[in-house]
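Structural overview for review
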Amino acid sequence: MSGWIGNGFAAVVGLAGGIAVGGGMVAFLVVLDILPRLAQLTRAFHRVHFMEGAIVAGVIVCTFADFFDWRVHLAPAAAGVVGLFAGCFVGMLAGALTEVLNVLPIMAKRIGLGGFVVWLLMAMVLGKVAGSLFEWIVFRI
């Protein structure tokens, strides 16, 4: 019976973590208008729906690849091409994020937390660091 309880608890924690990460990603993309800004920077407004579909498809494929432990054996040159595309995506996303990062102080002032912007940023940074350390220390052992 204890095995069922432990498995149930692990399932609930995993589901809650997935919902939290998914919600954070959606909030990141929607609240900060990352995709429209990325489309504006690249002058590709007509491809916004394609970008949204590519993000959703990438999330679904990577989820299945992680769950089912997919392996792809390619030549090193192919890994370089994939790395180049992944780097371009991350770079463009980082560029769009820096363009809209001024949203945080404005949002903090509107909800009455103008004096706590530094605390909000520190909470975000420390939360990311704590989560990363927890994953690396607990799940990598």
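Shown above is the structure to which this text applies.
Predicted model only: the values in this text are computed from it and were never measured.

Structural notes on the overall build of the protein chain
Broken down by element type, the protein chain carries six helices and zero strands. Within the protein chain, buried positions represent 13% of all 141 residues. Of all intrachain contacts in the protein chain linking residues separated by at least 6 positions in sequence, the fraction that spans at least 24 positions is 52%.

Description of the packing of aromatic side chains
Within the structure shown, the criterion is met by one aromatic pair. On the basis of an interplanar angle of 10° and a centroid distance of 5.8 Å, the ring pair of F64 and F68 is categorised as stacked. On the basis of relative accessibility, which here comes to 53%, the residue F68 falls in the exposed class.

Overview of the nonpolar core
L29, I34, L35, L38, A39, A44, V48, M51, I55 and L93 form the largest nonpolar core, which has ten residues in total. Listing elements by their share of this core, those giving two or more residues are α2 (34-42) and α3 (48-67). For this core, the element with the most residues is α2, which contributes four residues. Excluding residues that lie within four positions of it along the chain, A39 makes contacts with A44, F45, V48 and M51.

Considering the pattern of salt bridges
Taken as a whole and assessed by the stated rule, the structure comprises one salt bridge. Taking the shortest distance from any N to any O, the salt bridge between R71 and D69 comes out at 3.3 Å. Since its relative accessible area comes to 47%, D69 is described here as partly exposed.

Quick look at a nonpolar patch on the surface
On the surface, a nonpolar cluster with roughly 810 Å² of combined accessible area is contributed by V125, V129, L133, F134, W136, I137, V138 and F139. Structurally, the position occupied by V138 is in helix α6 (residues 117-139). A relative accessible area of 42% places V138 in the partly exposed class.

Focus: unusual backbone geometry
Phi angles above zero are rare outside glycine, and R43 is one such case at about 55°. Positionally, R43 belongs in the loop between α2 and α3. If you check the backbone angles, D69 has positive phi at about 55° while not being a glycine. Secondary-structure assignment places D69 in the loop between α3 and α4 (76-100).

Some remarks on α2
For α2, the complete set of buried residues consists of I34, L35, R37, L38 and A39. Among the residues trailing α2, R43 stands out with phi positive, at a value near 55°.

Procedures and definitions
- Residues numbered from 1 in each chain as written.
- Predicted model: local features only at pLDDT ≥ 70, side-chain atom pairs only at ≥ 80, totals over all residues.
- Heavy atoms only, no water.
- Helix = DSSP H or I, 4+ residues; strand = E, 2+ residues; numbered from the N terminus.
- Buried < 20%, exposed > 50% of the residue type's maximum accessible area, 1.4 Å probe, protein only.
- Contact = heavy atoms within 4.5 Å.
- Phe/Tyr/Trp six-rings, centres within 6.5 Å; stacked < 30°, edge-to-face > 60°.
- Core = buried A, V, L, I, M, F, W, Y, C linked by side-chain atoms within 4.5 Å.
- Salt bridge = Lys/Arg side-chain N within 4 Å of Asp/Glu carboxyl O.
- Patch = residues over 30% accessible without salt bridge, like charges linked within 9 Å, V, L, I, M, F, W, Y side chains within 5 Å.
- Areas by Shrake-Rupley, 256 points an atom, 1.4 Å probe, with all protein chains shown as cover.

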